[in-house]
Amino acid sequence: LIGMVPVVVLSPEDQKLTYEGPAERRTFIDGFVSQISPAYLRDLISYNRIRKQRNRLLQEFSGPVSALLPLLEPWNSQLVRTGSRIVAKRTGVIENFRNYFDRQFKSLNGIGLKPDMNYQTFCTPDENVEAVISAYEQELKENVFREVEREQTLIGPHRDEVVFYLDGMKLRNYGSQGQHRLFSVALKLAQLFYYSDELDDLPVMLLDDVFGNLDKNKTEILLDTLQKHPGQTFITSASEWPFKEMDWTGQHGNTWFRVKDGIINRQN
């Protein structure tokens, strides 16, 4: 369904985006970009296949490095072309996404803290594919002996990181629990509005029991933001009070269901 049905999911699991390691943020960015670019998804699948084959060669070859280099060259060529397109696309999307995120975080936060994000890869991030290719080729040459020693591909977008900041401090290291929570909510709201501007079809927003981690004021801001968005939203909550804050008049077309003991009852 990736790229066919645009979906944004907000759940308590999203706090992993800011708390945990780079793999969580790479997964977020890859899923994000794949929804708006089928070509990116194809490159990502190809890159992972190429890297797997290249790693196998590094692991199984037992001769001198001079004999290995000609065997690596065809894989290097494919790795560089595909990986460079991934880096260039990530660079452009993250740069455009920054403004959407900044706007959503400020609406939720309201106390003047400045958020930021920094895309880190093996070279200076660039939307120019040829510039990335040049840097990628050089990095592979400089690290070939290290890769042979480690028996794995060490250079490429599979090791990229997106670092989140709040007032110039790394969120992962210094952010409070509440700041982590707001950051993850703002990321998903920014994703929703980014998709709305970039795609022909409005995205569907899914919220899975997120209100237990938000105070009343933040919940009201979130619900108000979603009601202003023209797309469809599905919300689940173990508590009824968030739904009581919503406008159930006909203008929004909202419908509220209560599920109890396996029985579904419409509330409006």
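Residues numbered from 1 in each chain as written. Predicted model: local features only at pLDDT ≥ 70, side-chain atom pairs only at ≥ 80, totals over all residues. Heavy atoms only, no water.

Here we take up the overall build of the protein. Secondary structure assignment for the protein yields nine helices and eight strands. For the C-alpha atoms alone, the extent of the protein along its principal axes is close to 75 × 40 × 35 Å. Buried residues in the protein amount to 43% of all 268 residues. For the protein, the share of sequence-separated contacts (at least 6 apart) that also reach a separation of at least 24 residues comes to 70%. With an accessible surface of roughly 14,300 Å², the protein has 49% of that area assigned to carbon and sulfur atoms. Each charge class in the protein was averaged separately, 32 positive and 36 negative side chains, and the resulting centres sit 2 Å apart. (Helix = DSSP H or I, 4+ residues; strand = E, 2+ residues; numbered from the N terminus. Buried < 20%, exposed > 50% of the residue type's maximum accessible area, 1.4 Å probe, protein only. Contact = heavy atoms within 4.5 Å. Areas by Shrake-Rupley, 256 points an atom, 1.4 Å probe, with all protein chains shown as cover. Lys, Arg positive; Asp, Glu negative; His and termini not counted. Charge placed at Lys NZ, Arg CZ, Asp CG, Glu CD.)

To continue, consider the packing of helix H3 (residues 38–60) against helix H5 (residues 129–150). Each pair of packed helices can be described by the angle between their axes along with the distance between the axes. The N-to-C vectors of H3 and H5 enclose an angle of 40°; their axes lie 12 Å apart at closest approach. The hand of the H3/H5 crossing is right-handed. Contacts from Tyr-47, Arg-54 and Leu-58 of H3 reach H5 at Tyr-136, Leu-140, Glu-147 and Val-148. Looking at side-chain class alone, the contact of H3 with H5 contains five nonpolar, no polar and two charged residues. (Axes fitted to C-alpha atoms, helices over the stretch in contact; angles between N-to-C directions. Left-handed = near helix turned anticlockwise from the far one by under 90°. Nonpolar A, V, L, I, M, F, W, Y, C, P; charged D, E, K, R; others polar.)

Next up on the list: the sheet that holds strand S5 (residues 204–208). A sheet is described by the order of its strands in space; here three strands give the open sequence S1-S5-S6, paired in parallel fashion. Each edge of the open sheet carries a strand with a single partner, namely strand S1 (7–10) and strand S6 (233–236). Along the sheet, successive strands turn relative to each other by an average axial angle of 10°, direction set aside. Bridge count between S1 and S5: four bridges; the pairing is parallel. For Val-8, the partnering residue across the bridge sits in S5 and is Met-205. Contacts between helix H8 (residues 216–228) and the sheet are confined to S1, S5 and S6, with S5 contributing the most and set at about 155° to the helix. (Pairing = 2+ DSSP bridges.)

Let us now look at the packing of helix H4 (residues 65–109) against helix H7 (residues 177–198). Two elements in contact, H4 and H7, have axes whose closest approach is 8 Å; the angle formed by their N-to-C orientations is 125°. Judged on the interaxial angle alone, H7 and H4 are oblique. Here the hand of the crossing between H4 and H7 comes out right-handed. For the pair H4 and H7, the contacting residues are Val-93, Asn-96, Phe-97, Tyr-100, Phe-101, Gln-104, Phe-105, Leu-108 and Asn-109 in the first and Leu-182, Phe-183, Val-185, Ala-186, Leu-187, Leu-189, Ala-190, Gln-191, Phe-193, Tyr-194 and Asp-197 in the second. In terms of residue class, the contact of H4 with H7 is built from 15 nonpolar, four polar and one charged. (Parallel < 35°, antiparallel > 145°, perpendicular 65-115°, else oblique.)

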